[in-house]
Amino acid sequence: MQADTVSILLPLAVEGPYTYRVPHGLTLAPGDIVRVPLGPREMLGAVWDDPPDGSVGHNRLRPVAHRYDAPPIEESLRRFVDWVARYTMTPRGMILRMVLRAPEALLPERAIAALRFSGTVPARLTPARETVLGRMADGQPLPKTGLSSALGVSPAVIAGLVAQGTLVEATIAPPPVAALPDPDHARPELGTGQIEAAEALRAMVDAGSYEVALIDGVTGSGKTEVYFEAVAEALRRGRQALILLPEIALTGDFLDRFARRFGARPAEWHSELPQRGRERVWRGVADGTVRAVVGARSALFLPFRELGLVIVDEEHDAAYKQDEGVTYHARDMAVVRGNLGAFPVVLASATPSIESRVNADQGRYRRLHLPARFRAAKLPEIRAIDLRTDPPERGRFLSPVLVKAMEETLAAGSQSLLFLNRRGYAPLTLCRTCGHRFQCPNCSSWLVEHRFRGQLVCHHCGHSEPRPSHCPICASEDSLVACGPGVERIAEEVAARFPDARAIVLSSDMQGGVQQMRAELEAIRSGAVDIVIGTQLVAKGHNFPGLALVGVVDADLGLAQGDPRAAERTFQLLAQVTGRAGRAGGDSRAFLQTYAPDHPVIAAIASGDSEAFYQREIEARRVSGLPPFGRLAGLIVSAADRASAMSHAQALRRMAPPEDVAMVLGPSEAPLAVLRGRHRFRLLVRAPRGFDLQGFIAGWLAASPPPRGSVKVQIDIDPLSFL
DNA sequence: AGCACGCCGACT
DNA sequence: GTCGGCGTGCTC
């Protein structure tokens with residue numbers, strides 16, 4: 001505890017900061033980014049606020065090597081790191097690591113090599129040389145790369161002028177990674193309902209204090225336009241703004257939309273961003289040259305210098321949950337960051353999560369409801385098709401009612417979308433002779449036939465094997481039958497029924513990657529496709545302006561699982577898919593094929609009465625003590641083989657919990673997944689609101705007989721009862 | 001994160 | 001008899 005020591009948090013899996021000696025002549029303040037010796041090497045770290053402890057002898061302390069000339073990590077971000085670490089039960093250093101993801105960003109950015117006119121005219125002037133001098137006479141340096149083609153002369157001319165001393169080496173500062181967005185570039189015309197909501201958001205940003213707003217409204221009600229007004233207000237007030245999107249929705253379309261409103265594309269941040277780009281965005285965010293960022297969940301950990309607003313679009317989306325490494329829910333952490341940084345947070349969704357709805361109902365969030373579609377866009381007419389009364393023909397999966405609607409749509413020259421959230425050809429293959437079912441050797445799930453690829457694939461762990469021609473058990477030839485539909489099989493049926501229609505399958509395991517995908521989306525947009533058959537992919541992120549008909553092949557899929565959020569997820573997915581119809585205006589229809597037309601989820605979608613669904617679901621959650629009324633944590637128990645993972649999970653469950661904590665091994669006691677050769681089971685821990693779940697789990701793990709080495713336990717889900 | 005230390009299979 | 005696999009532990 002001496003004046004010449006300092007606490008440094010290192011981006012490693014260490015619980016707290018280490019103590020270092022401050023060398024003479026160096027002044028350090030909390031948040032400063034430094035380089036310190038650690039073992040045989042040097043490492044990045046940040047000065048933290050903890051008072052240096054005396055547990056390590058002063059004579060063993062090593063000195064800080066260097067302080068970077070970079071903006072310090074701001075106080076509220078430091079508190080955020082501490083908070084997230086405690087909440088997720090992760091060592092603090094691991095959270096800091098998420099902040100310091102772009103270490104090269106700490107060095108000054110490399111200038112661009114350029115050439116400029118030195119003032120010395122060459123002895124001989126040729127026409128090409130005159131061209132160059134004419135363009136460079138003002139002495140402004142021009143970038144070296146591409147200079148000759150930019151000036152329309154051969155590289156030899158440039159080289160000659162350099163040799164003569166007419167052009168000399170120079171540098172130019174790299175352009176900012178993103179141009180400044182202008183809040184008043186193209187102010188939109190808002191509808192009446194939108195004006196009120198936009199005004200409320202503007203007032204929140206003006207107030208400059210923590211508050212959470214939940215904007216909800218059907219697809220096409222203009223949520224984006226409304227929250228852009230909040231972004232504009234933050235920019236006007238000199239604050240930075242962050243828009244979070246689920247990775248899949250972070251498309252060029254969205255960036256263009258931002259650019260149309262603000263006159264410049266925002267900086268973007270996501271996992272695919274190349275190293276150079278990451279560094280530039282990180283630096284720009286830290287030094288304040290970047291004013292607006294659109295990013296995936298990890299953007300929440302960027303070192304903003306004056307963050308004044310976070311928008312979480314599609315706030316219900318499960319992609320906000322990070323479940324590798326540090327497990328956190330970006331929507332919840334965004335709310336925390338707003339709370340610690342004293343600025344507003346806006347959650348937006350056409351189908352809000354139950355948690356957010358409850359928080360709004362209970363007054364913790366302000367609810368801004370957008371009542372109607374905007375710009376004359378009409379909602380589709382939605383109808384459930386009862387498959388018990390209108391069944392498909394034998395061996396087929398499309399009901400005559402849906403087929404007729406498709407025929408009509410096709411005849412009118414409009415587009416149809418068939419949605420089935422199941423990749424591949426068939427979800428189960430069995431032998432007609434002996435009844436053998438093809439199961440994954442690692443997991444307990446069925447292998448899915450992918451006919452285009454000729455493989456049987458496990459969608460759980462990725463295992464795949466070639467589809468055999470005969471049964472591996474009874475050796476019968478031609479006895480294998482595909483059970484149930486996947487998108488490939490629906491495509492087959494569509495091809496048989498509509499041989500002249502131009503049909504296309506969109507699913508995540510498409511061959512050809514991003515390029516191919518882009519081309520196909522463009523084909524759909526331009527109207528070169530009549531029938532789109534797609535999985536979840538078509539529900540999110542992409543707009544299909546010409547869609548007149550949406551058919552949900554199996555609306556019941558997803559309702560039967562043991563997952564406590566199954567109903568909510570299905571509702572959200574169905575609302576999104578049916579909402580794809582008719583965005584651009586005109587009449588449109590959506591059909592839900594179902595065996596349970598009275599199921600609350602189906603009924604809510606078909607009647608358009610989502611309120612009824614929410615009330616019912618909220619009540620069900622309240623009764624069972626699930627989030628947001630209780631707190632739920634998933635412990636992932638993992639081990640190198642299935643049996644020991646299972647036995648460790650059971651051992652943990654046997655640890656007698658207090659009465660107010662419930663635990664189940666589940667859902668359905670099935671292994672979650674086999675990832676990187678590790679078998680994982682999930683334990684769900686449920687506790688009442690207000691209960692110190694983290695403390696309980698930590699104590700529980702400390703007291704449990706140490707499971708042999710190879711078992712890892714991590715917090716998976718955690719709820720909202722923190723503010 | 002690195003890097004060292006420490007126990008069980010196929011080889012000069 | 002060793003070389004080497006990566007599981008575990010440590011770095012102020």
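Residues numbered from 1 in each chain as written. Chains lettered and ligands numbered in written order. Predicted model: local features only at pLDDT ≥ 70, side-chain atom pairs only at ≥ 80, totals over all residues. Heavy atoms only, no water.

A look at the environment of I531
What counts is decided by this rule: Secondary structure counts use DSSP, requiring at least four H or I residues in a row for a helix and at least two E residues in a row for a strand, with both numbered from the N terminus. Relative accessibility under 20% of the residue-type maximum defines a buried residue, over 50% an exposed one, and the middle range a partly exposed one, all with a 1.4 Å probe and only protein chains included. The contact rule is simple, with two residues in contact once any of their heavy atoms fall within 4.5 Å.
Along the polypeptide, I531 turns up in strand β26 (residues 531-534). Under the relative-accessibility criterion, I531 is labelled buried at 2%. Residues I531 and A491, spaced 40 residues apart in sequence, show a C-alpha to C-alpha distance of 9.3 Å. The contact partners of I531, leaving out residues within four places of it in the chain, are M406, S416, V494, F498, A501, R502, A503 and I504.

Some remarks on the UniProt feature "domain: Helicase ATP-binding" (unreviewed entry) in chain A
In plain terms, the rule: UniProt positions are given in the numbering used here, feature names are shortened, and annotations may be inferred rather than shown by experiment.
Mapped onto the present numbering, the UniProt feature "domain: Helicase ATP-binding" (unreviewed entry) falls at residues 204-370. Secondary structure across residues 204-370 comprises 37% helix and 25% strand; the distance between its end C-alpha atoms is 17 Å.

Observations regarding the state of the cysteines
Applicable threshold: Only a pair of cysteine sulfur atoms within 2.5 Å qualifies as a disulfide here.
What the rule picks out here adds up to zero disulfides. C458 takes part in no disulfide bond, and the closest cysteine sulfur, belonging to C440, lies 3.6 Å away. The buried category is assigned to C458, whose relative accessible area is 2%. With no disulfide of its own, C471 has C434 as its nearest cysteine by sulfur position, at a separation of 3.6 Å. When its relative accessible area of 1% is taken as the criterion, C471 is described as buried.

Quick notes on the protein's contact with DNA strand B
Spelled out, the test is: We define proximity as follows: a residue is near a molecule or strand when any one of its heavy atoms falls within 4 Å of that partner. As used in this structure description, the phrase polar contact means that two N or O atoms lie within 3.5 Å; if the pair is within protein, one of them must be able to donate a hydrogen and the other to accept it, and residues adjacent in sequence are counted only when both atoms belong to side chains. Note on residue categories: nonpolar means Ala, Val, Leu, Ile, Met, Phe, Trp, Tyr, Cys or Pro, charged means Asp, Glu, Lys or Arg, and polar means any other residue, Gly included.
Neighbouring residues of DNA strand B: L12, R41, M94 and R97. When atoms of DNA strand B within 4 Å of the protein are sorted by moiety, sugar and phosphate together comprise 22%. Between DNA strand B and R41 there is a distance of 3.4 Å, counted from a base nitrogen to a side-chain nitrogen or oxygen. The separation between a phosphate oxygen of DNA strand B and a polar side-chain atom of R97 is 3.1 Å. Here the residues of the surface near DNA strand B are counted per class, giving two nonpolar, no polar and two charged.

Some points on the sheet that holds strand β11 (residues 267-269)
Operational definition: Should DSSP find at least two bridges between two strands, the strands are regarded as paired. Only the contacting stretch of a helix is used when fitting its axis, a line to C-alpha atoms as for every element, and angles between N-to-C directions run 0 to 180 degrees.
One open sheet holds the seven strands; their spatial order is β11-β12-β10-β13-β16-β9-β17, and the pairing between them is parallel. Whereas interior strands pair on both sides, the edge strands pair on one side only; in this sheet they are β11 and β17 (366-370). For this sheet, the mean inter-axis angle between neighbouring strands, taken without regard to orientation, is 20 degrees. The sheet contacts of helix α6 (residues 192-207) involve β9 (211-217), β13 (307-313), β16 (344-349) and β17, and relative to β17 the element is tilted by about 155 degrees.

Description of the environment of R291
On the secondary structure map, R291 appears in the loop between α9 (275-287) and β12 (292-295). On a C-alpha basis, the gap between R291 and A426 in space is 48 Å, while along the polypeptide they are 135 residues apart. Leaving out residues up to four positions away in the same chain, R291 has contacts with L180, P181, L235, G238, R239, Q240, A241 and E306. There is a polar contact of 2.8 Å between the side chain of R291 and the backbone oxygen of G238. A polar atom in the side chain of R291 sits 2.9 Å from the side chain of E306.

Points about the packing of helix α3 (residues 127-136) against helix α5 (residues 155-164)
For clarity, the threshold we go by: Angles below 35 degrees are treated as roughly parallel, those above 145 as roughly antiparallel, those between 65 and 115 as roughly perpendicular, and all remaining angles as oblique.
Where α3 meets α5, the closest approach of the two axes is 10 Å, and the angle between their N-to-C directions is 75 degrees. It follows from the interaxial angle that α3 and α5 lie roughly perpendicular. Side by side, α3 and α5 meet where A128, R129 and V132 of the first sit next to V157, I158, G160, L161 and Q164 of the second. Grouping the constituent residues of the contact of α3 with α5 by class yields five nonpolar, two polar and one charged.

Considerations on the packing of aromatic side chains
For clarity, the threshold we go by: A pair of Phe, Tyr and Trp rings is counted when the ring centres sit within 6.5 Å of each other, with Trp represented by its six-membered ring. The angle between the planes then sorts it: under 30 degrees is stacked, over 60 is edge-to-face, the rest tilted. Over a ring means this: the NZ of a Lys or the CZ of an Arg is within 6 Å of the ring centre and within 35 degrees of the ring normal.
Applying the stated criterion to the full structure yields eleven aromatic pairs. Ring geometry for F228 and F258: centres 5.7 Å apart, planes at 85 degrees, overall edge-to-face. Separated by 30 residues along the polypeptide, F228 in helix α7 (residues 223-236) and F258 in helix α8 (residues 252-262) bring together distant segments of the chain. Accessibility classification places F228 together with F258 in one group, the buried group. Joined through ring pairs, the aromatic side chains of Y227, F228, F254, F258 and F262 make up one cluster. Directly above the ring of F262 sits R261, whose terminal nitrogen or CZ lies 4.7 Å from the centroid. It is R451 that lies over the ring of Y425; its NZ or CZ is 3.8 Å from the centre.

Here's the deal with helix α11 (residues 354-361)
The element α11 is largely enclosed, with a buried count of seven among its eight residues. What α11 keeps buried is the set I354, E355, S356, R357, V358, N359 and A360. The elements touched by buried residues of α11 are β9, α10 (330-341), β16, β17, α15 (566-579) and α17 (610-624). Just downstream of α11 lies G363, where phi reads positive at about 85 degrees.

So, unusual backbone geometry
When glycine is set aside, most residues are seen to have a negative phi, and most peptide bonds are trans. Of note, the phi angle at A342 is positive, near 55 degrees, even though the residue is not glycine. With respect to the helices, strands and loops of the structure, A342 is situated in the loop between α10 and β16. The exposure class of A342 is partly exposed, given its relative accessible area of 36%. A positive phi angle, close to 65 degrees, is found at A475, a residue other than glycine. Secondary-structure assignment places A475 in the loop between β23 (464-466) and β24 (480-483).

Focus on the side chain of Q322
Among the secondary structure elements, Q322 is positioned in strand β14 (residues 321-322). Within the structure, Q322 has its side chain in polar contact with the side chain of R297 (distance 2.8 Å). Q322 has contacts with R297, T327 and Y328, leaving out every residue within four places of it along the chain.

Describing the pairing of strand β20 (residues 428-431)
Taken residue by residue, a regular strand's side chains alternate between the two faces of the sheet. In β20, alternate side chains face the same way, and those of L428 and L430 on one face and T429 and C431 on the other are all buried. Note that β20 and β24 share four bridges and pair antiparallel. By the bridge assignment for β24, C431 is matched with L480.

Description of the sheet that holds strand β4 (residues 41-47)
As summarised here, the arrangement of the five strands in space is β2-β1-β4-β3-β5, forming an open sheet in which the pairing is antiparallel. Taken across any chain shown, the strands that pair with only one partner, and hence form the sheet edges, are β2 (18-21) and β5 (66-67). Sheet topology note: the strand β1 (residues 5-9)/β4 ladder contains two bridges and is antiparallel. Pairing of L9 across the sheet is with A46, part of β4.

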